[in-house]
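Coordinate analysis (summary)
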Amino acid sequence: MKLSLLARACCSSMSPVSLRKYSQNQVSQHRRPMISSQIKPQIPLFLRPPIYSLTFSDLQKWQNWAKTLASSVGSSFQDFDHGPDSTLLRRELNWLMEDAIEDYSTTSRPGGCESRQKVKVRVDLEELYGLWKQRIEERRPFQYLVGCEHWRDLVLSVQEGVLIPRPETEMIVDLVCELVVENDWFKQGLWADLGTGSGALAIAIGRVLGDYGRVIATDLSPVSAMVASYNVQRYELQDKVVIKQGSWFEPLKNVEGQLVGLVSNPPYIPSDHICGLQAEVSKHEPRLALDGGLNGLDDLVHLCYRASSMLLCVGSLSSATTITNGEEQCQFLVNYMKSDLGGNFCYVKIVSDFAGIPRFVTDSPRAENHNTVKDGALKTIDHFLTLL
Amino acid sequence: MKMFSQSSLLFHFRQSLRHTIRNVATFSKLNTKYVFIGAGHNVTAERVNEFPSCFSPTLKWLSGSSQGLAHSIQCRLLGSQAAIEPSASDGLTVEGIIANRWTILDETEGDWKSHAAAIAQSIQLIKRRLQWKQLLVRVELLSAELDKPDIWDDPVHAGKVSREHGSLMGKLKEESMKSLARMRRDSKEKELRALLAGEQDSCSCFIEVQAGAGGTESMDWAKMVMQMYKMWAQQRGYGVTVVDEMPGEIAGIKRATIKVEGEYAFGYAKAEVGVHRLVRISPFDSGKRRHTSFAAVAVIPILGDGASHVQINESDLRIERFRAGGAGGQHVNTTESAVRIVHIPTGITATCQNERSQHQNRASAMAVLQSRLNQLEMARQAQMNAEHTKSLTEISWGNQIRTYVLHPYRMVKDLRTNYEVSDPDSVLEGDLDGFILSYLSASLDQVGYGS
Ligand SMILES: C[S@@+](CC[C@H](N)C(=O)[O-])C[C@H]1O[C@@H](n2cnc3c(N)ncnc32)[C@H](O)[C@@H]1O
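All values reported here derive from a predicted model rather than from experimental measurement.

1. Brief notes about the site of the ligand
- Neighbouring residues of the ligand: 18 residues in total, closest Gly195(A), Asp219(A), Trp248(A), Asn265(A) and Gln330(B).
- Nearby residues around the ligand are contributed by chains A and B.
- Between an oxygen atom of the ligand and a main-chain N or O atom of Gly197(A), the distance comes to 3.5 Å.
- Leu220(A) places a main-chain nitrogen or oxygen 3.2 Å from a nitrogen atom of the ligand.
- In the complex, 96% of the free accessible area of the ligand, which totals 590 Å², lies under the protein chains.
- Looking at the shell around the ligand residue by residue, the classes come out as seven nonpolar, 10 polar and one charged.

Structure, rendered in structure tokens:
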């Protein structure tokens, strides 16, 4: 009880009322042609109606063709640019079928179908051939093929122009969860996800926050803002998560100094590394999502610099977490935050991902800090009460 | 407890008999009234499965009961040599039981004598409704007629006799056989369920197959074994999902784990733990030589929420992403998000790579790890109670249990029960119930029910 009171007391100017204002803004923004009418979110394959019907033998023929094509790749992509090998491609093929075929479990069972039996699918046969050709010949990412990415326990819609969320990024949510379960300050406060892409982080965090907790997410790319909004709707989080189009903190002007937490996965790849990446990334994913300038640090530094003014009681109470390229960038940021931005960030540390690569820089305050503040705030409230 | 399960078995049998009597009554009206039921051989538990034409001897459960009764009741379909006198080695027969005039108590009572008497009565009733005696006489008559050396002197008459005999036997096989076969299946199922009285038997489970030494040969064999279990589980109506699969370089799998979901999955599948051996002409050997390959099978129960789980400390775990080459993050777009979890104190690991997100791979791997640790703990406790100790590998992978020969002859033989079939293909397509049943009954007999 007291805790939630406190959280609101601390972000007094950020009452649920003003948040509602954001939701409304969002809705009206949606009606504005700039974002929504020119480009529409693509419906992920698995959500499309199964209006096509193929014979099982035609489907099998396609599958065999696709399998052979996948096998012919061998390890050539892997050797060339660390792309997928044929084992991985064959697994993707199964997932493509899982998404495309209405009754996949029966179809995939040995002896589950007779050859003349009709199978309901969500794309026609021609497109099935086309899609797999794109996968192998053009190296179009699998997730764009099926229009979605399974990420944590979510299935997020993605399409060209939107970065496909990475497995490493899942861990940011674990770091946030640690804070949220322990502490109502974080659970009921206002969070920001900068450069939200598909909305992955914003949505996952929105799902673990309490009744008063909110997330504002921004992205400069209109396609990303639109797809993120679509994903927010699909998870029915419109009341909790607001997507705003604009550059980094710019759409957050009126909540300056009110965030309890900030997460971001900004572009961090040095510009001239991009063309050497695997074709799925370099040829298909948006450059805006990857290019971090000369040494990849442009956006990271900007975000850290500005973060201190955005966070509520930065350093002692609020949390900021960002993803990086690896050890070097982590080290650089830690030094930068500690020395150049000294005093603002007190608990900066590096956390490694599951592959053992130092990946996250996070500044998360200790629980005791909140207790002291709690005492202080309660005293103030007491004081007001006696005045009344 | 044991007496109780025998009683409940008989109770179910009594119910299914009642059902059969109803069916039989219907088909007497349809004028297809030819069924032979007699009391036949005494079938001991270990021979049950080798005795294909028998009505499953549910009452064998009576043997070894505290009353010291050792007998079984057999209902058998008889061929044209028909009327074998109902008899059993211990002298107890359907008629015998009826003659004892045991009081038949209510079905809900746990009294085996009641159930036995009720069943015997039902069998008599079935016979009566099918006008069994008349039939028997008729068939005997026809058979005798057909046996006459001069019968074909009058081809018209002979044709008539042989047609009647034939149609009688045909109908017998078709109609009445169906009813009896259903009853037999029913009671066999009940019989099996009684075997599955272990604490974890009703759980879902993981089945793991690991290729033995011998490279591609064994990896291919491991894949065949896994396929056999997938098909077996699907045929039994269980949910099957692949948790982990490590493909071989050329063919087959190095190891794989599937999750089999449904009632009694563990109870049945546990009969498969051990090393499976294959003898065949290798498809990978250009010299077409005979090869022997091995694959090991482990089965791990997935305990329900109510059961006591081993507590796992987060800090004892090391979570690794594997096959994640390079810089990762934004640099890489891969659908591969395999996770391995290592439980540092025990060294036990679990891997999952078949889910579409890392988070779910981690959750699946965690479930496997939890089950492995639970199993280890149970084994540890069992060991503390038992005098002899088994090694950990023995507990999880067991000894060689079965041989599959595809060449020079064709056969699958279980080394524990000597149960064997001559059609490896059907076994490899998942027809495993015969093996499982015979093993379960044999292992239960070893425990010694009556004592
Ligand atoms: C590496 S992606 C991360 C996307 C998402 N957060 C995720 O983890 O999947 C970086 C995102 O930052 C966005 N971005 C790039 N420059 C930006 C800017 N100046 N302001 C806001 N967002 C920007 C890109 O459009 C892209 O969606």
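2. Examining the domain arrangement of chain A
Residues and elements named next belong to chain A.
- The assigned domain composition of chain A is domain 1 (45–146) and domain 2 (161–387).
- A C-alpha centroid distance of 36 Å is found between domain 1 and domain 2.
- With 13 residues of domain 1 at the contact, the number on the domain 2 side is 13 residues.
- In total, about 900 Å² of surface goes out of reach between domain 1 and domain 2, with carbon and sulfur atoms giving 56% of it.
- Linking domain 1 with domain 2 are two salt bridges.
- For Arg 139, the salt bridge identified is with Glu 280, shortest N-O distance 2.8 Å.
- The interface formed by domain 1 and domain 2 includes six residue pairs in polar contact (both at pLDDT 80 or more).
- Partitioning the side of domain 1 that touches domain 2 into residue classes produces five nonpolar, three polar and five charged.

3. Details of the interface of chain B and chain A
- At the junction of the two partners, chain B supplies 29 residues and chain A supplies 41 residues.
- Summing both sides of the interface, chain B and chain A together bury roughly 3,000 Å²; the carbon and sulfur share of this comes to 48%.
- Of all residues in chain B, Gln330(B), Asn333(B) and Arg356(B) bury the most surface against chain A, accounting for 32% of the area lost on that side.
- For the pair chain B and chain A, the interface holds 23 residue pairs in polar contact (both at pLDDT 80 or more).
- Looking at the side of chain B that touches chain A, the elements with two or more residues in it are helix H6 (215–235), strand E6 (317–321) and helix H8 (358–385) of chain B.

4. Regarding the environment of Pro49(A)
All names here are of chain A.
- One can find Pro 49 in the loop between helix H3 (33–36) and strand E1 (52–55).
- Distance from Pro 49 to Gly 111, taken between C-alpha atoms, is 26 Å for residues 62 residues apart in sequence.
- Residue contacts for Pro 49: discarding those within four places in its chain leaves Val 121 and Arg 122.

5. Structural notes on the packing of helix H15 (residues 298–310) of chain A against helix H16 (residues 327–340) of chain A
All names here are of chain A.
- Running from amino to carboxyl end, H15 crosses H16 at an angle of 30 degrees, the nearest separation of the two axes being 11 Å. By the criterion of interaxial angle, the relationship of H15 to H16 is roughly parallel. Considering how the two elements wind past one another, H15 and H16 form a crossing that is right-handed. Of the residues in H16, those touching H15 at Leu 300, Val 301, Cys 304 and Tyr 305 are Gln 329, Phe 332, Leu 333, Tyr 336 and Met 337.
- The residue makeup of the contact of H15 with H16, split by class, is eight nonpolar, one polar and no charged.

6. Quick word on the pattern of salt bridges
- One pass over the full model with this rule turns up 34 salt bridges over all chains.
- Put simply, Arg91(A) and Glu336(B) hold a salt bridge, and the shortest N to O gap is 3.7 Å. Placement of the pair is Arg91(A) in helix H6 (residues 86–100) and Glu336(B) in the loop between E6 and strand E7 (339–343), with the two residues belonging to separate chains. There is no split in this pair, since Arg91(A) and Glu336(B) are both buried.
- Of the charged contacts, one joins Asp425(B) and Arg410(B) as a salt bridge, the two residues approaching to 3.0 Å between their closest N and O atoms. One end of the pair, Asp425(B), is in helix H10 (residues 424–428); the other, Arg410(B), is in the loop between strand E9 (400–405) and strand E10 (411–414), with 15 residues separating them in the sequence.
- By relative accessible area, which is 40% here, Asp425(B) ends up partly exposed.

7. Details of the pairing of strand E11 (residues 358–363) of chain A
Residues and elements named next belong to chain A.
- Buried residues dominate E11, accounting for six of its six residues.
- Looking at chain direction, strand E10 (residues 348–352) and E11 are connected through five bridges and run antiparallel. Bridging across to E11, Ser 352 finds its partner in Pro 358.
- In this structure, the hairpin formed by E10 and E11 is closed by a connection of five residues, where Gly 356 is found at a positive phi of approximately 85 degrees.

Thresholds applied
- Along each chain, residue indices are assigned from 1 in the same order as the chain's sequence is written.
- Chains and ligands are labelled sequentially in the order written, the chains with letters from A and the ligands with numbers from 1.
- For this predicted model, a pLDDT threshold of at least 70 governs which residues receive local features, and a threshold of 80 or more governs which side-chain atom pairs are given and counted, while totals over whole chains, interfaces and linings are taken from all residues.
- Each side-chain value is derived from all of the structure's non-hydrogen atoms; neither hydrogens nor water enter the calculation.
- Whether a residue is near a molecule or strand depends on its heavy atoms: if one lies within 4 Å, it is near.
- What qualifies as a polar contact is a pair of N or O atoms within 3.5 Å, subject to a donor-acceptor requirement within protein and to the restriction that residues adjacent in sequence count only when both atoms come from side chains.
- Accessible surface area values rest on a Shrake-Rupley calculation with a 1.4 Å probe, where residue burial reflects the displayed protein chains alone.
- Only Asp, Glu, Lys and Arg are considered charged in this grouping, and only Ala, Val, Leu, Ile, Met, Phe, Trp, Tyr, Cys and Pro are considered nonpolar; every other residue, Gly among them, is considered polar.
- Where each domain begins and ends is defined by an automated method or by a domain database.
- Contacts: residue pairs with any heavy atoms within 4.5 Å of one another.
- Buried surface area refers to the total accessible area, computed with a probe of radius 1.4 Å, that the two partners give up upon joining, counted for both partners together.
- Between Lys or Arg on one side and Asp or Glu on the other, a salt bridge is scored when a side-chain nitrogen of the former is within 4 Å of a carboxyl oxygen of the latter.
- Secondary structure counts use DSSP, requiring at least four H or I residues in a row for a helix and at least two E residues in a row for a strand, with both numbered from the N terminus.
- Orientation is described by lines fitted to C-alpha atoms, with helices fitted over the stretch in contact, and by angles between N-to-C directions that extend from 0 to 180 degrees.
- Orientation is classified from the angle alone, with under 35 degrees giving roughly parallel, over 145 giving roughly antiparallel, 65 to 115 giving roughly perpendicular, and any other angle giving oblique.
- For any pair of crossing helices, the crossing counts as left-handed if the nearer helix is rotated counterclockwise from the farther one by less than a right angle, and right-handed if it is rotated clockwise.
- Burial status follows relative accessibility: with a 1.4 Å probe on protein chains alone, a residue under 20% of its type maximum counts as buried, one over 50% as exposed, and anything between as partly exposed.
- When DSSP finds two or more bridges between a pair of strands, those strands are recorded as paired.

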